Amino acid sequence: MRGYLRACLPLQALLLLRSLLPRAPRLLGNSFSLSLALQASAALSGSVPAMLGLGLGAASLHARARKSGFVAADLFVRTALVEAYAKAGRADLARAAFDEAPRRDVFLCNVMLAVYVARGEVAEARRVFDGMRERDMVSWNTLIHGYAVKGEVALAREMFDDMEDRDAFSWSSIMSAYAKGKRSKDALELWQEMRAACVNPDCITMVSVLSVCGDMGALAVGAEVHQFVESNGVELDVKLGTALIDMYAKCGDIDNSVRVFHSMPVKDVLTWSSMIIGLANHGLGHDALSLFSRMLSEGLQPNEITFIGVLISCTHLGLVSDGKKYFSSMSVVHGVTPKVEHYGCMVDLLGRSGHIEEARQLIRGMPFEPDAVIWRTLLGACRIYKNVEVAEEAMTKLRVLDPHADEHYVLLSNIYAQANSWECVAEMRRMLRRESIQRIPGRSSIEWQNTIHEFVSGDRSHPRSKEIYKMLEEMMDRLRQAGYKPMTGLVLQDIDEQSKERALAEHSEKLAIAFGLLTTPAGSTLRITKNLRACEDCHSAIKLISLLYERKLIIRDRNRFHHFSEGQCSCKDYW
Ligand SMILES: [Zn+2]
Ligand SMILES: [Zn+2]
């Protein structure tokens, strides 16, 4: 039986046992053969032995052993029994077998812990953990992992801090807890701690860190991870490579993203899709589409994520008829059913290219209820084409679907302002106040010396705030001299003209740029990440800054990248 088990043939082991039992009924009365039988049963994971009518599932093995007068005092057998019950999906019987054990050691307890963690019953796992007389690294790591999966970041961290010894698994568990919980700042701090403690990160940890870097635009830290991979000869597997591609693209460094893509020996659909989306978001739609055809010619099957990238490419290039072709090929040729996101892309494509009515028809014909994102997309298109009527329809829907977001009010009042409907702009202002709609504060961040510096509008909390505002003033002066006029019509608060100008000047991205000009050498590229869409005033100011200061500025807003250089933006003012 042991031979079969070692050869990974658990079913053969059980069949042998069954053929022997009639001649040797007391066979299961000794701990050696019983534990082998239990292991074989567990390895067949669950009910298979019972289903096959072998009568050799965990429960019958346990019953037979009892009948033979066997008291499983042997810890090894006891552990095998708990494991066999757990694998058979009987946590209750596993627990009963655990409780009956005359004695428990750390291995037995760890198995019980793992059973609860695998079932997501972390509180129960914690009770077992607290009752343990001795614990090893596995016990701690199992529980941290359990908390991490449940999203209990604080509890995971508490355990992590209480550990005396940590291994790579402990670090990767806590890191994935932070990444999952979107606790990006903590995750980056932990990464620095880990490097300082000279712990070599495993692939899971690096993938988690890279995803956080991508979210935050922390390019220097992401590049540090890449550096570690290269200098330690870590194999660039599909997951790690794809995470690097994604990180570089999201941090605004599309060149390195492409470099990683070409250096990967093995790629999967996600790798190709990440690259296509990255190129598309950077306005490199032609490259994205030619990559897509190469992907098809290499025989890969595109999935729904791939098509998001393809449709974004068409949108940024204004390729309406190609976009429609790709959209209909999804289900017809590739068997991928379009989801609400794909319809959103199509509404964006049609709307941005001025086909507002067609976009509206597409929304009406959608096989599911349009969500707030779809209507906001249409509203955005109405802003570009000054379509008040459709904008008002979209707004009616948005006030039901997403009543607390201020963004649509801002968009619609911009549309009214463009149409010189100042009475409607005033009504929007009143509505904002009356319905006490929370304004989502704009946040912009910029990385400097491996740390993310974040600014909100009018922020004065930065330690170098004084210098930043001095630089901001100087910057605004230079802009005005070059002909910039603040678009005070965009400011929705009821304040005087001068205060409106100041409010615009203190928008978070302008503060981040002032900080960047202050801290980085002349001529270097500034990379900024913003949580919302950039306003018209900032967009035109930044174009001018790129010209006056001879800087490239790469700004990621909620939807896309803007590459500013020599007074122009890659979005061609459609965003
Ligand atoms: Zn702005
Ligand atoms: Zn732009």
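Residues numbered from 1 in each chain as written. Chains lettered and ligands numbered in written order. Predicted model: local features only at pLDDT ≥ 70, side-chain atom pairs only at ≥ 80, totals over all residues. Heavy atoms only, no water.

**Considerations on the side chain of serine 313**
The line we're drawing: Segments assigned H or I by DSSP are reported as helices when at least four residues long, segments assigned E as strands when at least two residues long, and all are numbered from the N terminus. For every residue, the accessible area obtained with a 1.4 Å probe (protein chains only) is divided by the maximum for its type, and the residue is called buried under 20%, exposed over 50%, and partly exposed between those limits. By the convention used here, residues are in contact when the closest approach between their heavy atoms is within 4.5 Å.
Residue position: serine 313 is located in helix α20 (residues 304-317). By relative accessible area, serine 313 is classed as buried at 0%. Setting aside residues no more than four positions away along its own chain, serine 313 makes contact with Ala280, Gly285, Ala288 and Leu289.

**What to know about the UniProt feature "repeat: PPR" (unreviewed entry) in the protein**
Here is the rule we go by: UniProt positions are given in the numbering used here, feature names are shortened, and annotations may be inferred rather than shown by experiment.
Mapped onto this structure's residue numbering, the UniProt feature "repeat: PPR" (unreviewed entry) falls at residues 105-135, 136-166, 167-201 and 268-302. Segment residues 136-166 splits into 77% helix and 0% strand. End C-alpha atoms: 10 Å apart. With 74% helix and 0% strand, residues 268-302 has its two end C-alpha atoms placed 10 Å apart.

**Overview of the domain arrangement of the protein**
The following threshold applies: For the purposes of this description, domain bounds are those given by an automatic or database domain assignment. For any pair of parts, buried area is found by adding up, for both, the accessible area (1.4 Å probe) each one loses once the two are put together. Salt bridges are defined by distance alone: a side-chain nitrogen of Lys or Arg within 4 Å of a carboxyl oxygen of Asp or Glu. Within 3.5 Å is the distance limit for a polar contact, defined as a pair of N or O atoms, with the added protein rule that one can donate a hydrogen and the other accept it, and that residues adjacent in sequence qualify only through two side-chain atoms.
Looking at the protein, the domain boundaries give domain 1 (339-440) and domain 2 (444-569). Taking the mean C-alpha position of each, domain 1 and domain 2 sit 26 Å from one another. Contact with domain 1, which involves eleven residues of that partner, is made by eleven residues of domain 2. For the pair domain 1 and domain 2, the two sides together bury roughly 1100 Å², of which 43% comes from carbon and sulfur. In terms of surface lost to domain 2, no three residues of domain 1 exceed Glu407, Asn414 and Arg429, which account for 43% of the buried area on that side. At the boundary of domain 1 with domain 2, the tally comes to two salt bridges. Salt-bridge contacts for arginine 383 lead to glutamate 536; the nearest nitrogen and oxygen are separated by 2.3 Å. Inspection of the region where domain 1 meets domain 2 yields two residue pairs in polar contact (both at pLDDT 80 or more). Secondary-structure elements contributing two or more residues to the side of domain 1 that touches domain 2 are α24 (372-385), α26 (407-418) and α27 (422-434). By residue number, the principal contributor to the side of domain 1 that touches domain 2 is α26, which donates four residues.

**Considerations on the coordination of the zinc ion (ligand 1)**
Test applied: Here a donor is any nitrogen, oxygen or sulfur atom (N, O, S) within 2.8 Å of the metal, with 3.2 Å used for Na, K and Ca; water is not among the atoms considered, so some sites may look incomplete.
The coordination sphere of the zinc ion (ligand 1), as far as protein atoms go, consists of His507 (ND1), Cys535 (SG) and Cys538 (SG), spread over 2.0 to 2.3 Å. For the zinc ion (ligand 1), the donor residues sit on a single chain with the sequence spacing H-x27-C-x2-C. Of this pair, histidine 507 sits in the loop between α29 (497-505) and α30 (508-519) while cysteine 538 sits in helix α31 (residues 536-548), and the two are 31 residues apart along the sequence.

**Some details on the UniProt feature "domain: DYW" (unreviewed entry) in the protein**
The residues that UniProt annotates with the feature "domain: DYW" (unreviewed entry) are residues 483-575. Across residues 483-575, the secondary structure splits into 37% helix and 17% strand, with the terminal C-alpha atoms separated by 23 Å.

**Let's talk about the pairing of strand β1 (residues 443-448)**
Test applied: Two strands make a pair as long as DSSP finds a minimum of two bridges between them.
Across six bridges, β1 lies against strand β2 (residues 451-456) in antiparallel orientation. In the sheet register, tryptophan 448 faces β2, and the bridge partner there is threonine 451. Hairpin connection, β1 to β2: the antiparallel pair is bridged by two residues, and glutamine 449 has positive phi, about 50°. For β1 and strand β3 (residues 526-530), the ladder comprises three bridges, and the chain directions are antiparallel. Its bridge partner lying in β3, serine 445 is registered against threonine 529.

**Some points on the state of the cysteines**
Stated precisely, the cut-off is as follows: Criterion for a disulfide: a pair of cysteine sulfur atoms at a distance within 2.5 Å.
What the rule picks out here adds up to zero disulfides. Of all cysteine sulfurs, the one in cysteine 424 lies closest to cysteine 382, which takes part in no disulfide; the gap is 15 Å.

**Things to note about the packing of aromatic side chains**
Applied cut-off: Whether two aromatic rings pair depends on their centres lying within 6.5 Å, for rings of Phe, Tyr and Trp, where Trp uses its six-membered ring; planes under 30 degrees apart make the pair stacked, over 60 edge-to-face, and the rest tilted.
In total, this model carries nine aromatic pairs according to the counting rule given. With centroids separated by 5.2 Å and ring planes inclined at 85°, the aromatic side chains of phenylalanine 327 and tyrosine 343 adopt a geometry described as edge-to-face. Of this pair, phenylalanine 327 sits in helix α21 (residues 320-332) while tyrosine 343 is found in helix α22 (residues 340-352), placing the two residues 16 residues apart along the sequence. You can call phenylalanine 327 buried: its relative accessible area is 13%.

**What about the coordination of the zinc ion (ligand 2)?**
Applied cut-off: Geometry assignment treats four donors as tetrahedral when all angles are between 85 and 135 degrees, treats four as square planar and six as octahedral when opposite donors are over 155 degrees apart and all others between 65 and 115, and treats everything else as irregular.
Taken together, His539 (NE2), His562 (ND1), Cys569 (SG) and Cys571 (SG) make up the protein donors of the zinc ion (ligand 2), found 2.0 to 2.3 Å from the metal. For the zinc ion (ligand 2), the four donor atoms in the first shell make angles of 101 to 113° at the metal, a pattern classed as tetrahedral. Spacing between the donor residues of the zinc ion (ligand 2) along their common chain follows H-x22-H-x6-C-x1-C. Taken together, the residues span a long stretch of sequence, with histidine 539 in helix α31 and histidine 562 in strand β5 (residues 561-565) at a distance of 23 residues.

**Examining the sheet that holds β2**
Strand order in the open sheet made by the six strands is β2-β1-β3-β4-β5-β6, with mixed pairing throughout. The sheet is open, and its two edges are formed by β2 and β6 (568-569), each paired on a single side. By the bridge criterion, two bridges tie β5 to β6 in an arrangement that is antiparallel. Its bridge partner being in β6, serine 565 is matched across the sheet by glutamine 568.

**Remarks on the pattern of salt bridges**
Under the counting rule described, the total for this entry stands at 37 salt bridges. Aspartate 99 is paired through a salt bridge with arginine 95; the nearest N and O atoms lie 3.1 Å apart. Within this pair, aspartate 99 and its partner arginine 95 are both found in helix α7 (residues 91-100), separated by four residues, close to a single helical turn. The class of arginine 95 is partly exposed, set by a relative accessible area of 23%. Residues aspartate 477 and arginine 480 are paired through a salt bridge, measuring 3.5 Å at the closest nitrogen-oxygen approach. One end of the pair is aspartate 477 and the other is arginine 480, both in helix α28 (residues 465-481) and three residues apart, which spans about a single turn. Its relative accessible area of 40% is what places aspartate 477 among the partly exposed residues. Judged by its relative accessible area of 39%, arginine 480 falls in the partly exposed class.

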